[in-house]
Amino acid sequence: MKDKVSLPDFSVAQKLGLTEDEFQKIIEILGRVPNFTELSIFSVMWSEHCSYKNSIKYLKTLPRDGGKLLVGAGEENAGLVDIGDGWACAFKIESHNHPSAIEPYQGAATGVGGIHRDIFTMGARPIAALNSLRFGDIDRPHTKHLIKGVVKGIGDYGNCLGVPTVGGEVYFRDCYNQNILVNAMSVGVVKVGETMSAVADGPGNPVFIVGSATGKDGIHGATFASADLTEDSAKDLPAVQVGDPFQEKLLLEASLEAYTTGAVIGMQDMGAAGITCSTSEMSAKSGTGMRIDLDKVPTRQSNMLPFEILLSESQERMLIVCKKGEEDKLLKVFDKWDLECELIGEVTDTGRLEFISEGEVVADVPAEPLVLGGGAPVYDRPYEEAKYYSQLIDYTESQITEPEDYIAAAEKLMSSPNLASKKWIYEQYDHTVRVNTMKTNRHADSATIRVKGTDKALAMNVDCNSTFVYADPYVGSMIAVAESARNIVCTGGKPVAITNCLNFGNPYNKEVYWQFVNAIKGMGEACRKFNTPVTGGNVSFYNQTVLPDSVEPIYPTPTIGMLGILDDVNDFLTLSFQKPGDIIVLIGENKFDLNSSEYLQWNHKISNSKAPSFSLDQEYRVQQCIIKANEDKLLESAHDISEGGLLNNLLESCHENELGVDIHRNQDIRLDSFLFGEAQSRIVVSIDKNNLQALKNICQSNSVELVELGKVTDTNIQIDNIDFGNVGKWKTLYNEVIEQKLD
Amino acid sequence: MKFGVIVFPGSNCDDDMVHIIGQVFNQKVEKIWHKETELPNFTTEDCIIVPGGFSYGDYLRSGAIARFSPIMNAVIEHGNNGGLIFGICNGFQILCEAGLLPGALLKNNQQKYISKNIVLRVETNKRRLTQYCQTNDLLTMPVAHGDGRYYCDAETLQSLKDNDQILFRYSNSQGETTETENINGSIENIAGICNKAGNIFGMMPHPERASEQTVGLTDGQQLFMSLMELKLETAV
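Not measured: the values here are computed from a predicted model. (Residues numbered from 1 in each chain as written. Chains lettered and ligands numbered in written order. Predicted model: local features only at pLDDT ≥ 70, side-chain atom pairs only at ≥ 80, totals over all residues. Heavy atoms only, no water.)

Visitor: Teacher, can you tell me more about the overall build of chain A here?
Guide: From N to C terminus, chain A includes 24 helices and 28 strands. The C-alpha radius of gyration of chain A comes to 26 Å, within 12% of the 27 Å expected for a compact globule of 743 residues. Each principal axis of the C-alpha atoms in chain A carries an extent, and together these give about 85 × 60 × 45 Å. Counting every position in chain A, which comprises 743 residues, the buried fraction comes to 66%. Sequence separation of 24 or more characterises 85% of the internal contacts of chain A that already satisfy a separation of 6 or more. Within chain A, one finds 67 positive and 103 negative side-chain charges whose respective centroids are separated by 2 Å. (Helix = DSSP H or I, 4+ residues; strand = E, 2+ residues; numbered from the N terminus. Rg over C-alpha atoms; globule rule 2.2 N^0.38 Å. Buried < 20%, exposed > 50% of the residue type's maximum accessible area, 1.4 Å probe, protein only. Contact = heavy atoms within 4.5 Å. Lys, Arg positive; Asp, Glu negative; His and termini not counted. Charge placed at Lys NZ, Arg CZ, Asp CG, Glu CD.)

Visitor: Sorry if this is basic, but what is going on with the nonpolar core here?
Guide: Nonpolar side chains in soluble globular proteins tend to end up buried together. Core analysis: the largest hydrophobic core is formed by 128 residues, its most contacted members being F334 of chain A together with F168 of chain B. L16, V297, V347 and L353 of chain A belong to the second-largest nonpolar core, a separate cluster that totals 49 residues. (Core = buried A, V, L, I, M, F, W, Y, C linked by side-chain atoms within 4.5 Å.)

Visitor: For this particular structure, what's the right way to read the pattern of salt bridges?
Guide: When the charged atoms of two side chains with opposite charge come close together, those side chains can pair. Taken as a whole, this structure holds 51 salt bridges over all chains when the rule is applied. The salt bridge partner of E38 of chain A is R32 of chain A, with a shortest N-O separation of 2.8 Å. You can call E38 of chain A buried: its relative accessible area is 0%. Across the pair K161 of chain B and E188 of chain B runs a salt bridge whose closest N-O atoms are separated by 2.9 Å. In this pair, K161 of chain B sits in helix α4 (residues 154–162) while E188 of chain B sits in the loop between β9 (166–171) and β10 (190–194), placing the two residues 27 residues apart along the sequence. On the basis of relative accessibility, which here comes to 34%, the residue E188 of chain B falls in the partly exposed class. (Salt bridge = Lys/Arg side-chain N within 4 Å of Asp/Glu carboxyl O.)

Visitor: Teacher, can you tell me more about the environment of V551 of chain A here?
Guide: Residue and element names in this part refer to chain A. Here V551 shows up in strand β20 (residues 550–553). According to the relative accessible area criterion, V551 is partly exposed, its value standing at 47%. Expressed as a C-alpha distance, the spacing of V551 and G505, which sit 46 residues apart in the sequence, is 9.9 Å. Beyond its immediate chain neighbours, meaning those up to four positions away, V551 contacts Q544 and T545.

Visitor: Hey, could you run me through the sheet that holds strand β16 (residues 457–463) of chain A in this one?
Guide: Sheets are built from strands that pair by backbone hydrogen bonding, the pairs being arranged parallel or antiparallel. Residues and elements named next belong to chain A. Strands sit in the order β15-β16-β21-β17-β18 across an open sheet of 5 strands; the sheet is mixed. Looking along the sheet, the strands with just one partner apiece sit at the ends: β15 (447–450) and β18 (534–540). With direction set aside, neighbouring strand axes in the sheet form an average angle of 20°. Summarising the sheet, strand β17 (residues 494–503) and β18 pair through 5 bridges and their orientation is parallel. (Pairing = 2+ DSSP bridges. Axes fitted to C-alpha atoms, helices over the stretch in contact; angles between N-to-C directions.)

Visitor: Would you mind going over the state of the cysteines with me for this structure?
Guide: Cysteine pairs can be covalently joined through their sulfur atoms, and such a bond is termed a disulfide. What the rule picks out here adds up to 0 disulfides over all chains. We note that C625 of chain A lacks a disulfide partner, and the nearest cysteine sulfur, in C699 of chain A, lies 4.2 Å from it. For C625 of chain A, a relative accessible area of 0% corresponds to the buried category. C89 of chain B provides the cysteine sulfur closest to C13 of chain B, a residue in no disulfide bond, and the two sulfurs are 6.3 Å apart. (Disulfide = S-S within 2.5 Å.)

Visitor: Could you clarify how one ought to interpret the side chain of H431 of chain A in this entry?
Guide: Residue and element names in this part refer to chain A. Along the polypeptide, H431 turns up in the loop between α15 (423–426) and β15. The class of H431 is buried, set by a relative accessible area of 8%. At 3.0 Å, the side chain of H431 and the backbone oxygen of Y429 are in polar contact. (Polar contact = N/O pair within 3.5 Å; in protein donor to acceptor, adjacent residues only side chain to side chain.)

Right, dumping it as structure tokens:
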């Protein structure tokens, strides 16, 4: 065997990110000291990114089956949900934070490419993409550079691939100044029973690599994603992959076509840890092994070392196990699409991965111990309550100075980039290709995609208010799930399932781990309440920046990607007011609560308040009211109250049709809290005045409060006899805040 | 009349066209792989659609490689024989590159991809594609392109005008073709044209994305119905 001369010691293992215990465990598994290639294989497979070693214990406490799930979390590349009429939906979210922080354009682009491959590797056609982005202070030149790169990366990749980017969220907070978050979600559809599995059944079956040639990009990317981001990280540039959306488009079409030939046994995309990960996961799943000749892998450059070929994260590649004797069918499809399709080895019954180079075995390791659910390490990290937590303040009226000039306060709040229109961003994304997008031309709380060949539509969104999660990881995560569900309901859908992208700091930091454990607990409770099991997702730890004299952790950001179903496309609900004279009603409870609001953070520079009040039961009942009212066709519009409070909610509903409102606060709540507070579980609807009694009855039978706020008017924003002026002024402000900073 | 939708590697609006033509308008439609060299099933009564997308990734210049695809000789012959050809977005770019339509599509003047609804003003209804419209009709539909800035030299522009070849201009909702509405910097706000004979059409906006109530826009139907010469009640 090669590398005999210089077997690595622990110092090498350490440089590859392994602990001393892990190094010893590898020696135990192999019964000998690994060579460098083998050590590299273990280091990437046991990295946080591939093994989930510090999170899996808690992830398993989340509801992972039930509901409409056809394939549960972790069983395949993405979860699969029954959407009826013989169709299923595969969807998943994944992070590409660290690459995007270093090289925003390629980092974001390859994030999009990777998540779509997870979907079409299952035989599903991606029909929609979403993304959740977190940046630092938008006024910093570095932030502008990152935004422009990320947005262009997402746009160029998705636009070329022809999958519409239909929804997303973008926040700006200082805690993301260095460590931005780029979470990409893909949603695909497939006929039930026509899905593909990532298996390597049948010893003797040939193994093919298809798609792009293998280069030196992204080597040790998975390990890189699992280390703290430091100033030196910019030197890690070769660990960032380079994307080619045109190749991905060909790979997408060829893969889906290949399934129809019946020649494919199993398929797995190559993301993190490349050939290593795909061969070991497919083999471990089938209890088989593989013998792979690395010399047969098409490479972009000569003289690539075995470990480089094994670890390369070159994009747009797939591993296919083909039925022996039916190779020609496979080759014909890939030839049609002008893609490389190389026979590189075969399935064996040894349970081992044997990699050959120049006729010699360069690595020989068992598959099972490499993978999650097999022998990969599982840790239970110690945690302790974060010190800041007990020092957060529950702000009361007396602690917040009431604005003297409400119009000025409102103008200031609406100039926050967190509330402003993100059109500078989404107008660079093709959101109408595939002619299914219902939301683009009628604004709504969730993106809504018609499913061709059925009467149904899918509603989908990504949500996480990380300020709330920071203030209370347990409650904040419940709110993230609740708000996702609320946004589905406000679009006329019913929540079905979630995928999650768990962005946290360093898990070896006890306070960070405390945030993680509590976030999972809250998320699990909320998911059980809404009967939205977790279909899968991604954990991204180490989201913090190590500076010379301090460590800056991000706010814990467990992003929820939720899927909902509209049984009929006509159930669709817009958030926009429809006509003057309609009654505006708030469903839910109003109270003084400015905690963790954008208003406190932006106007008052207060960042130490508790999470807003929240009750899961109340939330559920409020959502039931909307579902019932929409079934009875009582609603003209529905829009939940979130960042920016009631005022922002009303203005957003006014913009599209350039209507106004006349609102009266007939309650004993101070006006600042009434307008800007972010108490949860509140939804504003507009209805024809003849439907008011019917709506009241629904709320009463669900024990939910209904507050009559006022009515839709021609163009003026009038609240409690304060004239906030013409809607046009607010719309202009809304549209220009971000544009002016970035153009 | 039937439709053939060319599929280049990287085409991504081919499925949309097949859906709209087949499902919404109940017309015969089939895909044609770019490696084909002939169009044996099509007569000059039929229409060849060159759909949007990123043919060959548009890595060299939009449409510059697709024009060399094997099928293009047959498409050009179809056009020269008077057969209908309709290119949308990347298809428009390919038709210009292939010399079937005059001018070129350059990078948007803001150097950014633009995806949004725009308003088109119909410049003539003397042409097949716009025959059911009124001149100065305003149509709302999406654009989604990075290289949509129509350009031609002064002589060509004059000839386009003289021969009634300008089909659409970017406009505001009052029908004014101002510079603000000229989203990509096209010469004289031009969004779509036809050849002199009137059988080959190209436009950057996407009428196929505005042809169903379900997606919230229906103005694109007018163009398809004109092209198909359908009675109004035919559309779903």
